[in-house]
Amino acid sequence: MTPTGPVVETRVNDPVTIVIFGASGDLTHRKLIPALYISYAQNLLPDRFTIVGFARRDYDDEIFRSMMADSIREFSRLPTDDETIGRFVQHLHYHKGDISSEEAYTELKGKFEDTETYPENRLFYLSIIPDLFETAVRLLKESGLVLNPGDAAWSRVVIEKPFGRDLESAMGLNAALLKYLDESQIYRIDHYLGKETVQNILSFRFANAIFEPVFNRSYVDHIQITAAETVGMEKGRGGYYDEYGAVRDMVTNHLLQLLCLVTMEAPGDLAAESIRNEKVKVLNAMKLDIRKDISDAVCRGQYSAGVNAEGRKTPGYLEEDRIDPESDTECFVAMRMQINNWRWAGVPILLRTGKRMARKTTEVAVQFKVPPLQLFQQVECEDDVCDITRIKPNTLIFRIQPDEGIFLKVGTKRPGMRFVVEDVDMDFSYSGKWSKSLPEAYERLLLDTLHGDSTLFTRSDEVEAEWKVVQPILQNVDQLTPFPYPPGEWGVHEADWLFHGVEGHWRNQ
């Protein structure tokens, strides 16, 4: 029995078996199963589908279904009802096995002979540690679970980040995966690209003729991108994070992807390959804005002990659980970059991300140049609040989270007899326009994989181009000793130096 409701154009029609490797993990509980449930409740999944949880835990179908039902009730962004949950979890099955064991794949292949229960179209989601990516893909192929691209039924593999630790490992992983899969079968996922406001960057740029002509070096003073978090190493994050750090965890995928969307040329069409081709062109033109040495363009940091943004006492990074007390892994990084192409030559691009910062926010800010003739330098103020001696530059802000929206700061005359110019916001907020909650990124991305739409996923050459951009940081990390910064603030004060010669400063708000 399927839920009632209108069938929309995003509905998946192909019967499918979805296998989640690492089904006992946090991602499955918090994101994947709740996302699939919401798609089911909205009548977006096909009539025939099966979800198989693959893990080593000693569960059976009923235990797995009960656990996932609890996860749906806790983490679904929409209200749930027990009847719909009950119908949904009947599509769930559990397969106990070790991801490194050939026997586990042979047993799974035996179950799949029942094509009525397990449709032949197959999506394999690898929510596992990166060291097991190649092993899982090899055994999937050798066992015959993954079909060839030209077969009647399709097979696709979703790979979670991190995709490599540096350029060499990323190239090695790409080569290994492409021994067993065609590029069209690989979906390297970056959940940032599934966010509604991220997708709206392209729509805003290329659907509005008044903005696209000014997105270039003649009008833009600089671009800054911030991804700030208030959390630290809670919930056992330290073990993973200390191995990777902010550059590998955030810059190499999330921040560079945002930068590509705001700076790429218009694609010839909206086909996946057309969009990904333009992103690769931008990545190949990117480099750190180094003048003498790497410290000109990069600043790293670690938070110290203190009081966080919520007013609670917190340990320093080196005192956190599962962190090496001698670690020099950065949990804050800021960098200055440039894009050497005709559109953006000479425009500074500043990226910043960190843990335990003042506010959780992700945004892209495009700051335009000030008018060439300052007509309003001498103005009178009506009160002490107004202290305006010059026009402030216009700024276009794409707010990814929270308070999602697009905001334009412009100068306008304050009402009154005197000629006083001040900043005002022209706002488009999602909450102000639409009352419905925004879809979770994984809802969109999972549906895209089932449709075979790879637009929001990263291609192999795109991954390698991202690593090339940050490789100088990884190679010269010994020259970038992390600066300490207090929790609850906006990171390392030394990062302000990256704004030399730029009209502005970090948007700490």
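Everything here concerns the structure above.
Residues numbered from 1 in each chain as written. Predicted model: local features only at pLDDT ≥ 70, side-chain atom pairs only at ≥ 80, totals over all residues. Heavy atoms only, no water.

(A) Quick peek at the pattern of salt bridges. Counted by the stated rule, this structure contains 31 salt bridges. Note that Glu-142 and Arg-138 form a salt bridge whose closest N and O atoms lie 3.2 Å from each other. Of this pair, Glu-142 and Arg-138 both sit in helix H5 (residues 133–142), 4 residues apart, which is roughly one turn of that helix. On the accessibility criterion, Arg-138 (26% relative accessible area) is partly exposed. Among the salt bridges present, the one from Arg-356 reaches Glu-320, with a minimum N-O distance of 3.0 Å. Separated by 36 residues along the polypeptide, Arg-356 in the loop between strand E13 (349–354) and strand E14 (361–368) and Glu-320 in the loop between strand E11 (313–314) and strand E12 (332–339) bring together distant segments of the chain. In this structure, Arg-356 and Glu-320 share a single accessibility class: buried. Connected through shared salt-bridge partners, Arg-205, Glu-212, Glu-265 and Arg-343 make up one network. (Salt bridge = Lys/Arg side-chain N within 4 Å of Asp/Glu carboxyl O. Helix = DSSP H or I, 4+ residues; strand = E, 2+ residues; numbered from the N terminus. Buried < 20%, exposed > 50% of the residue type's maximum accessible area, 1.4 Å probe, protein only.)

(B) Molecular detail of the pairing of E12. Taking burial as the measure, the 8 residues of E12 include 8 buried ones, the bulk of the element. Residues Phe-332, Ala-334, Arg-336 and Gln-338 line one face of E12 and the alternating positions Val-333, Met-335, Met-337 and Ile-339 line the opposite face, and both faces are buried. Both strand E8 (residues 286–288) and E12 contribute to a ladder of 3 bridges, which runs antiparallel. Bridge pairing links Leu-288 to Met-337 in E12. Bridge count for E12 against E13 is 6 bridges, and the pairing is antiparallel. By the bridge assignment for E13, Met-335 is matched with Leu-351. (Pairing = 2+ DSSP bridges.)

(C) Examining the environment of Thr-353 more closely. Its location among the elements puts Thr-353 in strand E13. Given a relative accessible area of 2%, Thr-353 falls into the buried group. Among the polar contacts listed, one links the side chain of Thr-353 to the backbone oxygen of Ala-227, at a separation of 2.8 Å. (Polar contact = N/O pair within 3.5 Å; in protein donor to acceptor, adjacent residues only side chain to side chain.)

(D) Looking closely at the environment of Ser-155. With respect to the element layout, Ser-155 can be found in strand E5 (residues 155–159). Ser-155 sits 106 residues away from Phe-49 along the chain, and the two C-alpha atoms are 14 Å apart. What Ser-155 contacts, discounting residues up to four positions off in sequence, is Arg-122, Leu-145, Val-146, Leu-147 and Gln-185. Among the polar contacts made by the side chain of Ser-155, one reaches the main-chain amide nitrogen of Leu-147 at a distance of 2.9 Å. (Contact = heavy atoms within 4.5 Å.)

(E) Fine view of the sheet that holds strand E2 (residues 49–55). Spatially, E3-E2-E1-E4-E5-E6 is the arrangement adopted by the 6 strands of the open sheet, whose pairing is parallel. Each end of this open sheet is capped by a strand with a single partner; those strands are strand E3 (92–96) and strand E6 (186–188). Neighbour-to-neighbour, the strand axes of the sheet open up by a mean angle of 20°, direction not taken into account. Of the strand pairs in this sheet, E2 and E3 are connected by 5 bridges, and their pairing is parallel. Residue Gly-53 lies in a different strand from E3, and its bridge partner there is Tyr-94. Against the sheet, helix H2 (residues 61–75) contacts E2 and E3, and its axis sits at roughly 120° relative to E3. Where helix H4 (residues 102–111) meets the sheet, its contacts fall on strand E1 (16–21), E2 and E3, and the angle it forms with E3 comes to roughly 150°. (Axes fitted to C-alpha atoms, helices over the stretch in contact; angles between N-to-C directions.)

(F) View of the nonpolar core. Within the largest apolar cluster, 148 residues are counted, with the highest numbers of intra-cluster contacts made by Phe-21, Phe-88, Leu-256, Met-286, Leu-351, Leu-396 and Phe-398. If you tally residues by element for this core, the top one is helix H8 (residues 238–263), at 12 residues. In this structure, Phe-88 is in contact with Ile-33, Leu-36, Tyr-37, Tyr-40, Phe-49, Ile-51 and Ile-72, ignoring residues within four places of it in sequence. (Core = buried A, V, L, I, M, F, W, Y, C linked by side-chain atoms within 4.5 Å.)

(G) Geometry of empty space enclosed by the protein. Applying the stated criterion across every chain yields a total of 2 cavities of 30 Å³ or more. Estimates place the volume of the largest cavity at around 150 Å³. Lining the largest cavity we find 13 residues, and of these Lys-161, Phe-163, Asn-253, Val-463 and Glu-466 sit closest to its centre. For the lining of the largest cavity, the secondary-structure elements that each account for two or more residues are H8 and helix H12 (460–475). (1 Å grid on protein atoms, 1.4 Å probe; cavity = no way out; pocket = protein on both sides within 12 Å on 5 of 7 lines; lining within 4 Å. Points joined across faces, edges and corners; volume = space filled by probe spheres on them.)

(H) Summary view of the packing of helix H9 (residues 272–285) against H12. The interhelical angle for the contact between H9 and H12, taken along N-to-C directions, is 20°, at an axis separation of 9 Å. Regarding the angle of H9 to H12, the classification is roughly parallel. Of the two possible hands of crossing, H9 and H12 adopt the one that is left-handed. Along its contact with H9, which presents Arg-276, Lys-279, Val-280, Leu-283 and Asn-284, the element H12 presents Asp-461, Glu-462, Ala-465, Glu-466 and Val-469. Grouping the constituent residues of the contact of H9 with H12 by class yields 4 nonpolar, 1 polar and 5 charged. (Parallel < 35°, antiparallel > 145°, perpendicular 65-115°, else oblique. Left-handed = near helix turned anticlockwise from the far one by under 90°. Nonpolar A, V, L, I, M, F, W, Y, C, P; charged D, E, K, R; others polar.)

(I) Expanded view of the packing of H8 against H9. Running from N to C, H8 and H9 cross one another at 110°; their axes reach a closest spacing of 9 Å. As the angle between them shows, H8 and H9 are arranged roughly perpendicular. Every residue of H9 that contacts H8 at Leu-256, Gln-257, Cys-260, Leu-261 and Thr-263 is listed here: Lys-279, Val-282 and Leu-283. In terms of residue class, the contact of H8 with H9 is made up of 5 nonpolar, 2 polar and 1 charged.

(J) Looking closely at the pairing of strand E4 (residues 122–126). Among the 5 residues in E4, 5 count as buried, and that is most of the element. Because side chains alternate across E4, one face comprises the buried residues Arg-122, Phe-124 and Leu-126, and the other comprises Leu-123 and Tyr-125, equally buried. Pairing geometry for E4 and E5, over 5 bridges, is parallel. Paired with Arg-122 across the strands is Ser-155, a residue of E5. Where the polypeptide runs from E4 across H5 and back to E5, its parallel neighbour, the crossover connection is right-handed. (Right-handed = clockwise from strand over helix to strand, strands pointing away.)

Function cannot be inferred from these measures alone, as they are strictly geometric.
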